[in-house]
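# Results of the structural survey
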Amino acid sequence: MPTAKSTATDMGTGKGNRNMNPFFSIIVPVYKVEPFIIRCIQSVLSQTFESFELILVDDGSPDKSGHICDEFAIEDKRIKSIHTKNGGVSFARNIGINNAVGKWLIFLDADDCLFGNKALKEMYENITSVEADIYQFQILCKYKDFQEITSIKCGFYTLTGLEYMKLKPKRGQASNYVFKKNIISKNGVYFPVGVRISEDQAFTYSYMCYCDTIKICNVLLYVYNVNENPHNSNSVSDEKRFQDAIGHINATRQIIYHLKKCNKNKSLINERIAMMILYLINLSIHLSSDEKIKVHKYFKNFIPFKIKYLFNNKCIFVLLSLLSRKSG
């Protein structure tokens, strides 16, 4: 499975001290976020726990976002400001991964921020007190008129255990977890470049293929500002539906690649693959007849049915076959 590792050499200038050994690397893709980026950066710099590096990847943003990143990098040695041609959020995150030297990675969107000033300290205490392969935390969702905490039952779980399998919801957003850099680097886990939706799922569940344990922490780390940035929408639109369907298959394909490679945690990963296939079917219903045929052919070429997806593969095949029929 190709990754974006080789494309990291396309980066331009980078400012900031790179000779650090931080505990956390916080990776922020930056594109058209001039109204929000200062708030995001300041939420990190205000943390009482200081063993971190903040990697700001300017993804060819046409506004002043990149300049703002440079100004902060000049003032604080913990900040790396990297500039690259526009390649999308996955491309920018992959560049961040390749430049990260921290033990644990956090993915933060530029229009969001960390909660309070003790969030990193509390995450550090959780990570150093209980050893796990991946850590999940709580998120505060801020809407225009109200806010709510999206929580999941805290505890230490084996990813193959029945107790974890019963937990709802099991989110795939990368911004919901703390990832171990060594697991990412050792196994070549990256975000799929060119995929507009499901890129988070592809990364998170590819990573989980190599995990045995998860600690869900009672730590409010992340503030998700819902629908605040008009440039940060991955909603499905008719003109992009075919492209999204192909991208969704590529995201599913990446998870299957890592699942076959590691041969671990089949129930958890298969459950997610099944849900992604069902979403693909729903996404494809509204395609034209010609597009359905193309999606159906692409799916059959790249998604192997020999893997058990927790329910009858023949059922999926029948549903997908319907997509190849011309509408009446």
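A brief structural summary.

### Here's the deal with the overall build of the protein
Within the protein one finds 11 helices and 11 strands. Taking all 328 residues of the protein together, 55% fall into the buried category. For the protein, contacts bridging at least 24 residues in sequence account for 83% of all contacts bridging at least 6. In the structure as shown, the protein presents an accessible area of about 15000 Å², 51% of it carried by carbon and sulfur atoms.

### With respect to helix 8 (residues 241–262)
Taking 1.5 Å per residue as the helical rise, helix 8 with its 22 residues ought to reach 32 Å, and the 32 Å between its terminal C-alpha atoms agrees with that figure. A positive backbone phi angle near 60 degrees is found at Asn-263, which sits one or two residues after helix 8.

### Considerations on the packing of helix 8 against helix 9 (residues 266–284)
Packing of helix 8 against helix 9 leaves a shortest axis separation of 10 Å and a crossing angle of 165 degrees. Here helix 8 is positioned roughly antiparallel relative to helix 9, judged by the angle of their axes. As helix 8 runs across helix 9, the sense of the crossing is left-handed. Residue-level contacts link Arg-241, Asp-244, Ala-245, His-248, Ile-249, Ala-251, Thr-252, Ile-255, Ile-256 and Leu-259 of helix 8 to Lys-266, Ile-269, Asn-270, Ile-273, Met-276, Tyr-279, Leu-280, Leu-283 and Ser-284 of helix 9.

### Observations concerning the side chain of Thr-252
With respect to the secondary-structure elements, Thr-252 resides in helix 8. Thr-252 sits in the buried class, given a relative accessible area of 3%. In contact with Thr-252, not counting residues within four places along its chain, are Ile-273, Met-276 and Ile-303.

### Overview of the pairing of strand 9 (residues 155–158)
Residues Gly-155 and Tyr-157 of strand 9 are buried on one face, while the alternating residues Phe-156 and Thr-158, pointing to the opposite face, are not. The sheet contact formed by strand 9 and strand 11 (residues 213–225) spans four bridges and is antiparallel. Among the inter-strand pairings, Phe-156 is bridged to a residue of strand 11, identified as Lys-215.

### Brief notes about the packing of aromatic side chains
Enumeration according to the criterion identifies 16 aromatic pairs in this entry. Ring centres 4.9 Å apart and planes at 85 degrees place the aromatic pair Phe-179 and Tyr-207 in the edge-to-face group. Taken as a pair, Phe-179 in strand 10 (residues 177–180) and Tyr-207 in helix 7 (residues 199–208) lie far apart in primary sequence, 28 residues in all. Neither Phe-179 nor Tyr-207 differs from the other in exposure class; each is buried. Considering the side-chain rings of Phe-191 and Phe-203, the 4.1 Å spacing of their centres and the 5 degrees angle between planes classify their relative orientation as stacked. Taken together, the residues Phe-191 in the loop between helix 6 (181–187) and helix 7 and Phe-203 in helix 7 connect sequence positions 12 residues apart. Both residues of the pair, Phe-191 and Phe-203, count as buried. Cluster of aromatic residues (ring-pair linked, three or more members): Phe-107, Tyr-177, Phe-179, Phe-191, Phe-203 and Tyr-207. The residue whose ring lies beneath Arg-93 is Phe-191, and the NZ or CZ to ring-centre distance is 4.9 Å.

### Some details on the packing of helix 7 against helix 8
In the contact formed by helix 7 and helix 8, the axes pass within 8 Å of each other and the chain directions differ by 5 degrees. Relative to helix 8, helix 7 is oriented roughly parallel. Here Gln-201, Ala-202, Phe-203, Tyr-205 and Ser-206 of helix 7 come into contact with helix 8, specifically with Ala-251, Gln-254, Ile-255 and His-258. Considered class by class, the residues forming the contact of helix 7 with helix 8 number five nonpolar, four polar and no charged.

### Considering the pattern of salt bridges
Throughout the structure, instances matching the rule amount to seven salt bridges. Through salt bridges with shared partners, a single ionic network connects Arg-93, Asp-109 and Asp-200.

### A few points about the side chain of Gln-47
One can find Gln-47 in the loop between helix 1 (37–45) and strand 3 (52–59). A distance of 2.9 Å separates a polar side-chain atom of Gln-47 from the backbone oxygen of Gly-116. With residues near it in sequence (within four places) discarded, Gln-47 still touches Leu-114, Phe-115, Gly-116, Asn-117, Lys-118, Ala-119 and Leu-120.

### Topic: unusual backbone geometry
Not every positive phi belongs to a glycine, and Ser-198 is a case in point at roughly 75 degrees. Within the secondary structure layout, Ser-198 lies in the loop between helix 6 and helix 7.

What counts, and where the lines are drawn
Residues numbered from 1 in each chain as written. Predicted model: local features only at pLDDT ≥ 70, side-chain atom pairs only at ≥ 80, totals over all residues. Heavy atoms only, no water. Helix = DSSP H or I, 4+ residues; strand = E, 2+ residues; numbered from the N terminus. Buried < 20%, exposed > 50% of the residue type's maximum accessible area, 1.4 Å probe, protein only. Contact = heavy atoms within 4.5 Å. Areas by Shrake-Rupley, 256 points an atom, 1.4 Å probe, with all protein chains shown as cover. Expected span 1.5 Å × (residues − 1). Axes fitted to C-alpha atoms, helices over the stretch in contact; angles between N-to-C directions. Parallel < 35°, antiparallel > 145°, perpendicular 65-115°, else oblique. Left-handed = near helix turned anticlockwise from the far one by under 90°. Pairing = 2+ DSSP bridges. Phe/Tyr/Trp six-rings, centres within 6.5 Å; stacked < 30°, edge-to-face > 60°. Lys NZ or Arg CZ within 6 Å of the ring centre and 35° of its normal. Nonpolar A, V, L, I, M, F, W, Y, C, P; charged D, E, K, R; others polar. Salt bridge = Lys/Arg side-chain N within 4 Å of Asp/Glu carboxyl O. Polar contact = N/O pair within 3.5 Å; in protein donor to acceptor, adjacent residues only side chain to side chain.

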